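So the chains spell out like this:
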Amino acid sequence: MEKHITPAHPALEVHDLTVAFDRKPVLWNIDLTIPQGKLVGIIGPNGAGKSTLIKSVMGLLPLSSGYCKLYDQELSAVRSRISYVPQRESVDWDFPVSVLDVVMMGRYGKLGLVKRPRKADMDVAMDCLKKVGMESFANRQIAQLSGGQQQRTFLARALAQQADIYFMDEPFAGVDAATEKTIIQLLQSMTAANKTVIVVHHDLQSVTSYFDWVILLNTRLIAHGPTETVFTQHNLQETYGGKLTLLSDVGDLIRREDFPNREDKAV
Amino acid sequence: MSNFTEFFSFADPNVRYVTLGSILITASSALVGSFTFLNKKSLLGDAIAHAVLPGICLGFMLSGTKNPFYLILGAFITGWLSLQVVQVVTTRSRIKEDTAIGMVLSVFFGIGILLLTVIQKSGNANQAGLDHFLFGKAAALVGNDLIVFSVVAIILIVMTILFLKEFELVVFDRNYALSLGLPVKRIELLMTSMIVLAVVIGIQAVGVVLMAAVLITPAAVARFWTTSIRAMLIVAASVGAFSGLAGAYISYTAPSMPTGPWIVIVVSTLALLSFFLAPRKGILNRHFKQKRFQRTIQDENVLKALYQLGEENKNFYLQRYIDEIIRKRKLHPQRLMASLHRLFAQGYVERSGKLWGLTEEGKTRAQRIVKIHRLWELYLTTHVNIAPDHVHEDAETIEHFLTPELEADLERILNYPTVYPHKTQSPYG
């Protein structure tokens, strides 16, 4: 049952989250809270667990411990308010569908099984394509798109969900400067309308101009909060510096020796 | 030939039913297999096809009859079990999926053959015809079997149409489907169950050993000719139906022949033809496109040579002998003549006897090529930091395929230049 949501509810709360691959923890005891209407950047080196964090929040990965809440509710209760932009390379762009077909997928969650999309869904999809400047590509096969156009197609699909919180995995990867500008303006207009946008990002240069909130991550949480207070030289050094070798050595040990990384609660 | 007319008149109701059954079965397999193909799980289809054999044998041994219901049930159980084993082995051990599939396929098939041999040695009078499951026999599709199998085929077709949207999404972007809250696990279970069912009914016509061809090859053929998933499904189903028809015909005219191998030869021939003939993706088309492109480059180079000669003595329309053109641009005389004749036919050059010269249109086209060449050289030297003596080769190719839009972009970026790296002026003065 979906509760009424007030602006006071945090958009996202992550509590003591640990996620492991093949037993090795890639996220270790993460705690964070993000208010509504923020444009949030998740920053950290390769393998820091940035994508893992958003996938875990959306329930795509099993959690070793902890929980995530959105608007103070369980994920299943607010599923329709959440939208996801996966990494561009995660799909086969040679798949035989058109741009409009892909954007229509954003409507499938609301449509329900077996039901066909209606005119209204089509209108929403076209409207979202217009927002990302792709309306003239609607009937183009996705195999013919450039990297930037692929990214904008994914963005339009996420918009078509008409959600309140958006998780985007590297939406700026492999796009040209003009596309990047279009996308960031779109994201800023979304947060102005009290949507929350959480973006995995790896270009440190643009962090201060793009995001009003940052999460600095390197397996553990280094810091999170408003960009001006958190995005400091000291925090960056800690995120990207080599101080965490002990942590990763312990992780490797857990994997090698097949230790369970949590006590078995069933016993 | 009389066989041919006899068969295709469908006067014999038996022929009619067998043909209809075969078509339904192969068409539905092709539909279901299309998703397996798009999901890049083609090998898995092969594994299932082999793994249903022990199930069929067990179904027969336990029930003592060839009642299709028991055989399908048995086949379904072992086919489905094989999938689970593949999954458990890949997730729980360090063995990769291809190895797991290979292992499961051979183990299940081995057990199947073992059981089949036991049945054949047992002297059970009912067992005659079980070996058809190995290589298929479309003509054996009669009576009850035919009805049961056709109903299953129709169910598969209807399910594909109903769940098209879900299958498409789960195959294209599984994580996104999960994020939408779709019951992905259940959709996948439905898909694999449908594959198993398609195999179970398909093996009657094609046999266990070659079933994968009926599942996968029609999809591969269809992918060559289509760009949308709906069109692909329709073409795949048609290719499947055609192969089913061929199988029924062969089974009818040559009763001692196993149907499966013939069906496979028919679909594989279609696949081979598509490989060569398909638009865009076919080998031949790509070859001709390359040839056409080479010709355009050569023709444009001839225009360019005439233009550059014109630049030298300030008269673009002066007509020249081919020796002069060859001195400007090294070309085999025969090729040069071929180019000149093509350009003449298109109205880009004029001739009087052995003399050739540019027309107005020819000059305009050559001018554009020269301009792009110089723009690109300039762009490489000023914006990409490439040494001026390295940019010419690159520009020699770019000049032939830059689109007008990119040309306009390039001019804008370079701020509409008039002087170029190799000290040449803009062709527009």
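Residues numbered from 1 in each chain as written. Chains lettered and ligands numbered in written order. Predicted model: local features only at pLDDT ≥ 70, side-chain atom pairs only at ≥ 80, totals over all residues. Heavy atoms only, no water.

**Some thoughts on the overall build of chain B**
Of the regular secondary structure elements, chain B holds 19 helices and two strands. Since a compact globule built from 429 residues should have a radius of gyration of about 22 Å, the 32 Å found for chain B marks it as more spread out than a globular shape. Projected onto the principal axes, the alpha-carbon positions of chain B cover approximately 100 × 60 × 35 Å. Each of the 429 residues in chain B was classed as buried or not, and the buried ones make up 47%. Relative to all contacts within chain B whose residues are 6 or more apart in sequence, the contacts with residues 24 or more apart total 71%. For chain B, the computed accessible surface area is about 20,700 Å², with 64% contributed by carbon and sulfur atoms. Across chain B, the mean location of the 40 positive side-chain charges is 4 Å away from that of the 30 negative side-chain charges. (Helix = DSSP H or I, 4+ residues; strand = E, 2+ residues; numbered from the N terminus. Rg over C-alpha atoms; globule rule 2.2 N^0.38 Å. Buried < 20%, exposed > 50% of the residue type's maximum accessible area, 1.4 Å probe, protein only. Contact = heavy atoms within 4.5 Å. Areas by Shrake-Rupley, 256 points an atom, 1.4 Å probe, with all protein chains shown as cover. Lys, Arg positive; Asp, Glu negative; His and termini not counted. Charge placed at Lys NZ, Arg CZ, Asp CG, Glu CD.)

**Some details on helix α2 (residues 13-38) of chain B**
For the α-helix, the turn length of 3.6 residues means that residues three or four positions removed from each other point alike. Residue and element names in this part refer to chain B. Relative to the 38 Å expected for 26 residues at 1.5 Å per residue, α2 spans 38 Å between its end C-alpha atoms, a close match to the ideal helical length. By the largest-angle criterion, V32 marks the main kink of α2, which is about 25°. Taken across its 26 residues, α2 has 19 buried, putting it largely inside the fold. The N-terminus of α2 is capped by D12, whose side-chain oxygen sits 2.9 Å from the backbone nitrogen of N14. Just downstream of α2 lies K40, where phi reads positive at about 55°. (Expected span 1.5 Å × (residues − 1). Bend = angle between axes of the 7 residues up to and from the residue. Polar contact = N/O pair within 3.5 Å; in protein donor to acceptor, adjacent residues only side chain to side chain.)

**As for the pairing of strand β2 (residues 24-34) of chain A**
Looking along a regular strand, one sees side chains alternate from face to face of the sheet. Bridging between strand β1 (residues 12-21) of chain A and β2 of chain A involves seven bridges; their strand directions are antiparallel. Note that in β2 of chain A the partner of V14 of chain A across the bridge is L32 of chain A. (Pairing = 2+ DSSP bridges.)

**Points about the confidence of the model for chain A**
Per-residue confidence for chain A averages 90 on the pLDDT scale, and 93% of its residues sit at or above 70. When pLDDT is averaged over each element of chain A, strand β6 (residues 165-169) of chain A comes out on top at 97 and helix α11 (residues 245-257) of chain A at the bottom at 70. (pLDDT = per-residue confidence, 0-100.)

**Notes on the side chain of T36 of chain B**
All names here are of chain B. Tracing the chain through its elements places T36 in helix α2. For T36, the side chain forms a polar contact with the main-chain oxygen of V32, separated by 3.4 Å. Setting aside its immediate chain neighbours within four residues, T36 contacts K41, S42, G45, I195 and I216.

**Here we look at the interface of chain A and chain B**
The partner chain B presents 29 residues to the 32 residues of chain A that form the contact. At the boundary of chain A with chain B, total buried surface from both sides reaches about 2,700 Å², with 60% on carbon and sulfur atoms. Considering only the side of chain A, the residues that lose the most area to chain B are F95, P96 and Y108 of chain A, jointly responsible for 24% of the buried surface there. Applying the counting criterion to the chain A and chain B interface returns three salt bridges. Inspection of the region where chain A meets chain B yields twelve residue pairs in polar contact (both at pLDDT 80 or more). For the side of chain A that touches chain B, the secondary-structure elements that each account for two or more residues are α3 (99-104), α4 (108-111) and α6 (147-159) of chain A. (Buried area = accessible area lost by both parts, 1.4 Å probe. Salt bridge = Lys/Arg side-chain N within 4 Å of Asp/Glu carboxyl O.)

**Some words on the sheet that holds β1 of chain A**
Residue and element names in this part refer to chain A. Read from one edge to the other, the open sheet built from three strands follows the order β2-β1-β4, with strand pairing classed as antiparallel. Bordering the open sheet on either side are β2 and β4 (65-70), each of which pairs with just one other strand. Going from strand to strand, the sheet's axes swing by 20° on average, the running direction of each strand aside. Of the strands in this sheet, β1, β2 and β4 are in contact with helix α1 (residues 50-57), which crosses β1 at around 115°. (Axes fitted to C-alpha atoms, helices over the stretch in contact; angles between N-to-C directions.)

**Considering a nonpolar patch on the surface**
Residues and elements named next belong to chain B. Where nonpolar side chains cluster on the molecular surface, the patch consists of W225, L272, L273, F275, F276, L277, I283, L284 and F288 and spans about 840 Å² of accessible area. Elements with a minimum of two residues in the nonpolar patch: α13 (259-277) and α14 (283-312). Here the nonpolar patch gets five residues from one element, more than from any other, and that element is α13. Tracing the sequence through the fold places I283 in helix α14. I283 sits in the partly exposed class, given a relative accessible area of 35%. (Patch = residues over 30% accessible without salt bridge, like charges linked within 9 Å, V, L, I, M, F, W, Y side chains within 5 Å.)

**A closer look at the environment of H15 of chain A**
Residues and elements named next belong to chain A. Within the secondary structure, H15 sits in strand β1. We classify H15 as partly exposed; its relative accessible area is 34%. Each C-alpha atom of the pair H15 and K69 lies 8.3 Å from the other, and the pair is 54 residues apart in sequence. With near-sequence residues (within four places) excluded, H15 lies in contact with I30, D31, G66 and Y67. Among the polar contacts made by the side chain of H15, one reaches the side chain of D31 at a distance of 3.5 Å.

**Structural notes on the environment of I283 of chain B**
Here the alpha-carbon distance between I283 of chain B and I77 of chain B, two residues 206 residues apart in the chain, equals 42 Å. Beyond its immediate chain neighbours, meaning those up to four positions away, I283 of chain B contacts F275 and F276 of chain B.

**Regarding the packing of aromatic side chains**
The description of an aromatic ring pair uses the distance of the two centres, along with the angle that the planes make with each other. All chains considered together, the criterion is met by 17 aromatic pairs over all chains. Both rings, one in F4 of chain B and one in Y249 of chain B, keep their centres 5.8 Å apart while their planes meet at 80°; by these two values the pair is edge-to-face. Of this pair, F4 of chain B sits in helix α1 (residues 2-8) while Y249 of chain B sits in helix α12 (residues 229-253); the two residues are 245 residues apart in sequence, bridging distant segments of the chain. By relative accessible area, F4 of chain B is classed as partly exposed at 35%. Measuring from ring centre to ring centre gives 5.5 Å for F8 of chain B and Y249 of chain B, while their planes differ by 35°; the resulting arrangement is tilted. With F8 of chain B in helix α1 and Y249 of chain B in helix α12, this pair connects stretches of sequence that are 241 residues apart. For F8 of chain B, a relative accessible area of 30% puts it in the partly exposed group. A network of ring pairs unites the aromatic residues W93, F95 and F154 of chain A together with F172 of chain B as a single cluster. (Phe/Tyr/Trp six-rings, centres within 6.5 Å; stacked < 30°, edge-to-face > 60°.)

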